[in-house]
Each structure stands twice: as C-alpha cells, then as structure tokens.
Amino acid sequence: MILYTTMPQELIFPNETEAFSRQQTVTYQGVSLIVEQSDAQNVQVIRILSSDPQHYLDERICPGAKISCASIEGLSSN
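Computed from a predicted structure; not experimentally measured.

Rules of the game
- Residues numbered from 1 in each chain as written.
- Predicted model: local features only at pLDDT ≥ 70, side-chain atom pairs only at ≥ 80, totals over all residues.
- Heavy atoms only, no water.
- Helix = DSSP H or I, 4+ residues; strand = E, 2+ residues; numbered from the N terminus.
- Buried < 20%, exposed > 50% of the residue type's maximum accessible area, 1.4 Å probe, protein only.
- Salt bridge = Lys/Arg side-chain N within 4 Å of Asp/Glu carboxyl O.
- Patch = residues over 30% accessible without salt bridge, like charges linked within 9 Å, V, L, I, M, F, W, Y side chains within 5 Å.
- Areas by Shrake-Rupley, 256 points an atom, 1.4 Å probe, with all protein chains shown as cover.

### As for the overall build of the protein
1) Next: Secondary structure summary: the protein contains 3 helices and 5 strands in total.
2) Next: Reading the secondary structure of the protein in the N-to-C direction produces α-α-β-β-β-α-β-β.
3) Next: In terms of principal-axis extent, the alpha carbons of the protein reach across some 45 × 30 × 20 Å.
4) Next: Counting only residues that meet the buried cut, the protein has 19% of its 78 residues in that class.

### A word on unusual backbone geometry
1) Next: Residues other than glycine seldom take positive phi values, yet Gln 29 does so here, at roughly 50°.
2) Next: Exposure remark for Gln 29: the relative accessible area of 51% places this residue in the exposed category.

### What about the environment of Gln 23?
1) Next: Among the secondary structure elements, Gln 23 is positioned in strand E1 (residues 23-28).
2) Next: The buried category is assigned to Gln 23, whose relative accessible area is 11%.
3) Next: Once the C-alpha coordinates of Gln 23 and Gln 44 are considered, the two residues, 21 residues apart in sequence, prove to be 9.6 Å apart.

### Focus on the pattern of salt bridges
1) Next: Enumeration over the complete set of coordinates arrives at 2 salt bridges.
2) Next: We note a salt bridge from Arg 22 to Glu 36, for which the minimum N-O separation is 3.8 Å. In this pair, Arg 22 sits in the loop between helix H2 (17-21) and E1 while Glu 36 sits in strand E2 (residues 31-37), placing the two residues 14 residues apart along the sequence.

### Details of the environment of Thr 17
1) Next: Along the chain, the position of Thr 17 falls in helix H2.
2) Next: Expressed as a C-alpha distance, the spacing of Thr 17 and Ile 61, which sit 44 residues apart in the sequence, is 24 Å.

### Concerning a nonpolar patch on the surface
1) Next: Where nonpolar side chains cluster on the molecular surface, the patch consists of Met 1, Leu 3, Met 7, Leu 11, Ile 12 and Phe 13 and spans about 680 Å² of accessible area.
2) Next: Within the secondary structure, Met 1 sits in the segment before helix H1 (9-12).
3) Next: Residue class for Met 1 comes out exposed when judged on its relative accessible area of 89%.

Below is the structure:
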C-alpha cells in the first residue's frame with residue numbers, strides 16, 4: 001500500500017507511548033535535541049530540534065550519534 005500524503009508518519013502510524021516516555025529534550029552546545037538513554041554514560045540522538053541548516057550537517061549531533069551525559073546541559077523530561 002502506498003500513501004501519498006503530507007502528513008507525518010507518526011500521525012498515520014502512531015508509535016507506542018512507551019517509546020516516547022524514554023526520550024528527553026536536552027541542550028548540547030546550544031542545540032536542542034531529543035535523546036534517548038543508551039547506557040549509563042551516553043545518550044543517543046533521536047532528533048534535532050533546530051531550524052538552522054548548519055546543525056543538521058554537524059556529525060557530532062546527527063541522529064544516531066552518541067553523546068556523553070557529562071557534556072549535556074538542561075536535562076528535562078518530555
């Protein structure tokens with residue numbers, strides 16, 4: 001089945017709420033990110049929350065990148 005729509009995939013096929021409860025919004029070097037805890041010392045980037053195109057080209061914060069918890073500021077729950 002092919003859907004031709006401008007709606008985001010999350011609205012058409014909603015994920016389980018458990019997946020969203022593990023995610024946190026943080027600030028890393030002035031860029032807001034949504035991250036998920038991968039182990040005791042690191043988090044994994046899920047999404048970049050920025051309108052600056054240069055942030056999407058930064059390999060340190062691309063989705064899937066791991067960041068040390070010691071370098072993160074502004075931990076807050078979603």
